[in-house]
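# Examination of the molecular architecture
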Amino acid sequence: GTSSPRRNIMEDVKEYYTAYKRWLLSHAQAMRQIEEASALCSYVLPGRFEYSDEVAELISTVARVIAYLNDNIIRAYATCSHWHGGQHLRKSRLYKGVLQILTLLDHTHVFAEMVGNRFLRPRVFWLCLAVFQFVRSSLHGMLLSRYGTTLLPTPPIQDLDRARLAGADGKIPKGGGRDGFAENGSLDLSQPSVCLECGASTVMDDSLQDEIILPRSGRVLKKSSRLRRKGENRECASCRDQRYSIQKYSAIQQHLEYPVSSRLTTDKYVAETLYLMKPLVHLLALYRYGFKSWKPWILALLVDVASLIKHSKSKGLKQHEVVELSRRNWMLLAYLLRSPFYEKFTRYRIIGFLDGVKGTVPMLGYLTDSGVQYLDSYLDLYSYAWMI
């Protein structure tokens, strides 16, 4: 019998999607440039026409979401199924699923709130905003209580460094380039790789540092070890090449993994709980005291500072946790751009500074006027959106 039109459509969509994936994996860096150019276009639109702010944010949101979906395609293709350098958290579907939801919320929340603020009634809008922040804080709280996850990056799943993943021909290699140093293309990193020249075994330890296990003595050489003696304790050239290949490969696989936090302590638990409570505390204070009051601003600042003080006592943080903690410290400067401090102090000083310099550089006047319009347009939104 003949196939139904609906089945034909689905097959066509699948073929187009397969063709797009094939093109993306061959032109990953070019696609990144297109994504970044699309996001930059959104900065010249605010204040130019009716709904220009919403259109600009829509363009920026779509560009970020497309980049995120493309990264997912690349991550799935480049991740090696034999990679055993991670913990069980990296294999948890629930953990990955929550991170993916939080990442999409981070990419889309500004546009959703702008549209809701313009088209919904104030009570409905604030109810939706409270529910949204409650869901987001609850998801973070689940990761904190179940997996001990703290200091997640913003967004939780960061953009991939596609230039780092691409091969010499610009294409993304399957499995992260595993075939580049595994002759049979099926190297399992949980098992030693035996050198054909000297019989030494190369394995990966839990800290993602390589070791050389010498065949007869069983002596273990760390990456920093340098043995000068001849015979079995001498590392051959083939071992060095194998070690370098695995070191490079493990770095790529680590880059593809989802973030996993360091060991949870009481200070980190209290600090992250305060940080997750901050949006809800601020919203409740706004509802109780209003936008013109200093109390919501002061309460949010105090909660933020208390969280950072607690986090400052943490030791042994991973790299992404250090970066996120630094970002949160720098984000204290954002309080200068939030109501009512912005209207009372910051705005007049920014405008005065821009007026003083815009006549000295060509085209700077256009850029400064656009910047002020963009800042004013988002002031009301960023006064209560605490995900930036």
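Structure report, in brief. (Residues numbered from 1 in each chain as written. Predicted model: local features only at pLDDT ≥ 70, side-chain atom pairs only at ≥ 80, totals over all residues. Heavy atoms only, no water.)

If you tally the helices and strands in the chain, you get twelve helices and four strands. Restricting to contacts in the chain with at least 6 residues of sequence separation, those with at least 24 account for 73%. Carbon and sulfur atoms make up 59% of the accessible area of the chain, which amounts to about 22200 Å² in all. (Helix = DSSP H or I, 4+ residues; strand = E, 2+ residues; numbered from the N terminus. Contact = heavy atoms within 4.5 Å. Areas by Shrake-Rupley, 256 points an atom, 1.4 Å probe, with all protein chains shown as cover.)

The next subject is helix 10 (residues 319-330). Taking 1.5 Å of rise per residue, the twelve residues of helix 10 would be expected to cover 16 Å, and the 17 Å separating its terminal C-alpha atoms lies within 8% of that figure. Buried residues of helix 10: His320, Glu321, Glu324, Leu325 and Arg328, and no others. All buried residues of helix 10 fall inside an arc of 135° around its axis, so they share one side. Seen from the open side of helix 10, the exposed residues pointing more than 90 degrees away from its buried face are Gln319, Val323 and Trp330. (Expected span 1.5 Å × (residues − 1). Buried < 20%, exposed > 50% of the residue type's maximum accessible area, 1.4 Å probe, protein only. Arc of directions from axis to C-beta.)

Once that is clear, we can look at the pattern of salt bridges. Taken as a whole, this structure holds 13 salt bridges when the rule is applied. Here Glu35 makes a salt bridge to Arg32, at a shortest N to O gap of 3.2 Å. Of this pair, Glu35 and Arg32 both sit in helix 2 (residues 28-41), three residues apart, which is roughly one turn of the helix. In this pair, the class of Glu35 matches that of Arg32, namely buried. The partner of Glu324 in a salt bridge is Arg328, with the nearest N and O atoms 3.0 Å apart. Residue Glu324 and its partner Arg328 are both found in helix 10; the two are separated by four residues, about one turn of the helix. Accessibility assignment for this pair places Glu324 and Arg328 in one class, buried. One network of salt bridges, in which partners are shared, links Arg32, Glu35, Asp71 and Arg162. (Salt bridge = Lys/Arg side-chain N within 4 Å of Asp/Glu carboxyl O.)

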